[in-house]
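# Structural features, examined
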Amino acid sequence: MLKPFIKAMGFVIPVLSAAIVFAQHDAHRNATQQIATGDLDGAAQQLAKADQGDPETLFVQMMIDLKAQRVDAAVESAAAALDAGLPFERLVAGPRELLDTLHKTDQFRAWQKEYGGPVLIHGPMVGAVTDSAASFWVRTARPADVRIKIGDRLSELVKTTPDSDFTAVAHVEGLAPNTEYDYQVLIDGEPAAAENTTFSTYPKTGEAGKFSVAFGGGAGYVPRWEYMWDTIGKFDPAALLMLGDNVYIDQPQHSLCQDYCYYRRQSRPEWRRLVASTSVYAIYDDHDFGTNDCVPGPEIESPPWKRKVWNRFRQNWVNPFYGGGEEQPGCWHDFYIGDVHFIMLDGRYYRDRKSGSMLGPAQKAWLLKTLKKSQGTFKVLASPVPFTEGIKPGSRDPWDGYPKEREEIFSFIEENRIDGVFLVAADRHRTDLRTTAREKGYDLYEFES
């Protein structure tokens, strides 16, 4: 049954994942957590577990020195990191709340002259592609005016500022369906150097097309495996679905650790090559929203770190929208590729044991309405954690912890005769295909990576 099912959809899904990763336990991230909380002895103990010649180890040592106000030692650590191969952009990016002291040194100014003082620090990242439009995310080294140029077409002018962590998203409309375009990033009117700045618009919405989609979660950060982004790029996917634990932070109360984890990934050339040409859609899970298996509860502003983490998430991705916006924060969103409707779920912000809801009432109402109104021949329901029963025996973290809400969704699909639904999920640290048999409906296939 599986082969004709996928063939009928007119597209394939390369399920791409690494083996079990231990990125959530990496010494550099753990040391950064300690730096964020002011425990410098603990940070040094964590860093002692890392390869002492690794440029990342030297970068984190520099942060320890800066936190301890040992500026001369920090300059020495930064110099050693550069000598070991650290890209100078890493020193420019920050986290600026800590690296501002380094930026004021004579040695840093000398490095700026030596390395050329790059203006485009992270990105471009393509996202929110449709059959006639696309958005482009960037992070600059300083406040700047940004435009995207496609042929003789210019985006609106957007500004990067300290309040946005020097990020901005520019939007271009009026493009032709199913067409490949080259583009340029203009910063203060000048072209910025960037790799692989070619993307394709989607087939006309509602019409069948042939395309591939890559998806997965739990990417973590292991330098020797970062080549995976180039591997994914070779499949030329129309979209990359990042389904949570996209970076392992596990420190929602301190922005320094959040920034460190995002910048580390965004500085990788393999990642930058992929996202410059492939439309990216992202949702979070426990490790990039809160802490392991977190259940933050139903309130918008409690715990108080929720909105701050959400704002950081928005600054680092390029989704078409983020839940219900400022009034109803979240990462849920949807989009079409041809006649396939992708629906991305937020499994953390409103997760609540007492009410038995993973989604919260606002998101659930949106989901049911979106499913019922969908014009897609197929509907891809993407979750950060698996729907399939018994997938992690004894754990209440997947949908097994919210069985009534799961049944409510599945029954709604059957009662409203919504055809063509199948499921994708992450969090498994492996790749599986699962089937959920339904007595009153069709079997639900779930692809997990």
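Structural data are supplied above this passage.
Read on for a plain summary of the structure. Each chain carries its own residue numbering, running from 1 in the direction its sequence is written. Given that the model is predicted, a residue must reach a pLDDT of at least 70 before its local features are reported, and side-chain atom pairs must reach 80 or more before they are shown or counted; all residues, however, enter totals for whole chains, interfaces and linings. Side-chain measures here rest on the full set of heavy atoms in the structure, leaving out hydrogens and waters.

As a further point, take the sheet that holds strand 15 (residues 333-337). For two strands to be treated as a pair, DSSP must find no fewer than two bridges joining them. Strands are runs of DSSP state E lasting at least 2 residues, helices are runs of H or I lasting at least 4, and numbering of each runs from the N terminus. Spatial strand order, 15-16-17-18-20-19: 6 strands in an open sheet with mixed pairing. Looking along the sheet, the strands with just one partner apiece sit at the ends: strand 15 and strand 19 (432-436). Direction aside, the axes of adjacent strands within the sheet are offset by 20° on average. Where strand 18 (residues 421-425) and strand 20 (residues 444-448) come together, 3 bridges link them in parallel fashion. Within strand 20, the residue paired with L423 across the bridge is E446. Across the sheet, helix 14 (residues 361-373) lies against strand 15, strand 16 (340-344), strand 17 (378-383) and strand 18, angled at about 175° from strand 16, the strand it touches most. Only the contacting stretch of a helix is used when fitting its axis, a line to C-alpha atoms as for every element, and angles between N-to-C directions run 0 to 180 degrees. Whether two residues are in contact is decided by their heavy atoms, any of which lying within 4.5 Å being enough.

This part covers the pairing of strand 4 (residues 144-150). Type-normalised accessible area, obtained with a 1.4 Å probe on protein chains alone, sets the label of each residue: buried when under 20%, exposed when over 50%, and partly exposed for intermediate values. Residues A144, V146, I148 and I150 line the buried face of strand 4, whereas the alternating positions D145, R147 and K149 sit on a face that is not buried. By the bridge criterion, 3 bridges tie strand 4 to strand 6 (residues 158-160) in an arrangement that is antiparallel. When the sheet's bridge partners are listed, A144 is paired in strand 6 with T160. As judged from the 4 bridges shared by strand 4 and strand 9 (residues 184-187), these two strands associate in the antiparallel manner. Across the sheet, I148 pairs through a bridge with V185, a residue of strand 9. With 2 bridges joining them, strand 4 and strand 5 (residues 153-154) adopt antiparallel strand pairing. Across the sheet, the residue bridging to K149 is L154, located in strand 5. The turn linking strand 4 back onto strand 5 is made up of 2 residues, and G151 within it adopts a positive phi angle of 60°.

Before going further, it helps to spend a moment on the environment of R428. Along the chain, the position of R428 falls in the loop between strand 18 and strand 19. Separated by 50 residues in sequence, R428 and F378 place their C-alpha atoms 24 Å apart. Beyond its immediate sequence surroundings of up to four residues, R428 is in contact with P386, I391, K392, R434 and E448.

On to the pattern of salt bridges, then. By definition, a salt bridge exists where a carboxyl oxygen of Asp or Glu is found within 4 Å of a side-chain nitrogen of Lys or Arg. For the structure on display, the rule yields 30 salt bridges. One salt bridge in this structure joins R142 and D188, with 2.7 Å as the shortest N-O distance. Here D188 lies in the loop between strand 9 and strand 10 (190-191) and R142 lies in the loop between strand 3 (134-140) and strand 4, a separation of 46 residues in the sequence. With a shortest N-O distance of 3.6 Å, K364 and E405 are connected by a salt bridge. Of the two residues, K364 is situated in helix 14 and E405 in helix 15 (residues 403-415); the sequence distance between them amounts to 41 residues. Through salt bridges with shared partners, a single network forms among D285, D286, R348, R351 and D397.

Two orientations exist for strands paired in a sheet by backbone hydrogen bonds: parallel and antiparallel. On the basis of which strands lie adjacent, the open sheet formed by 3 strands has the order 2-3-7 and antiparallel pairing. Each end of this open sheet is capped by a strand with a single partner; those strands are strand 2 (120-127) and strand 7 (167-172). Geometrically, the sheet is characterised by an average inter-axis angle of 20° between neighbouring strands, direction not taken into account.

The subject of this paragraph is unusual backbone geometry. In this structure, P95 follows G94 across a cis peptide bond, with omega equal to 20°. The phi torsion at D188 lies on the positive side, around 50°, for a residue other than glycine. Judged by relative accessible area, which is 36%, D188 ranks as partly exposed. The phi dihedral of R417 falls on the positive side, at around 50°, and the residue is not glycine. Relative to the assigned elements, R417 resides in the loop between helix 15 and strand 18.

Moving on, we come to the side chain of R351. Looking at where R351 falls in the secondary structure, it is placed in the loop between strand 16 and helix 14. Within the local environment of R351, its side chain forms a polar contact with the backbone oxygen of G347, the two atoms lying 2.8 Å apart. When near neighbours in sequence (up to four residues on either side) are disregarded, R351 contacts C294, V295, P296, G297, P298, S357, M358, V385, R396, D397 and Y402. Polar contact is defined as a pair of N or O atoms within 3.5 Å, subject to the rule that within protein one atom must be able to donate a hydrogen and the other to accept it, and that residues adjacent in sequence are counted only when both atoms are side-chain atoms.

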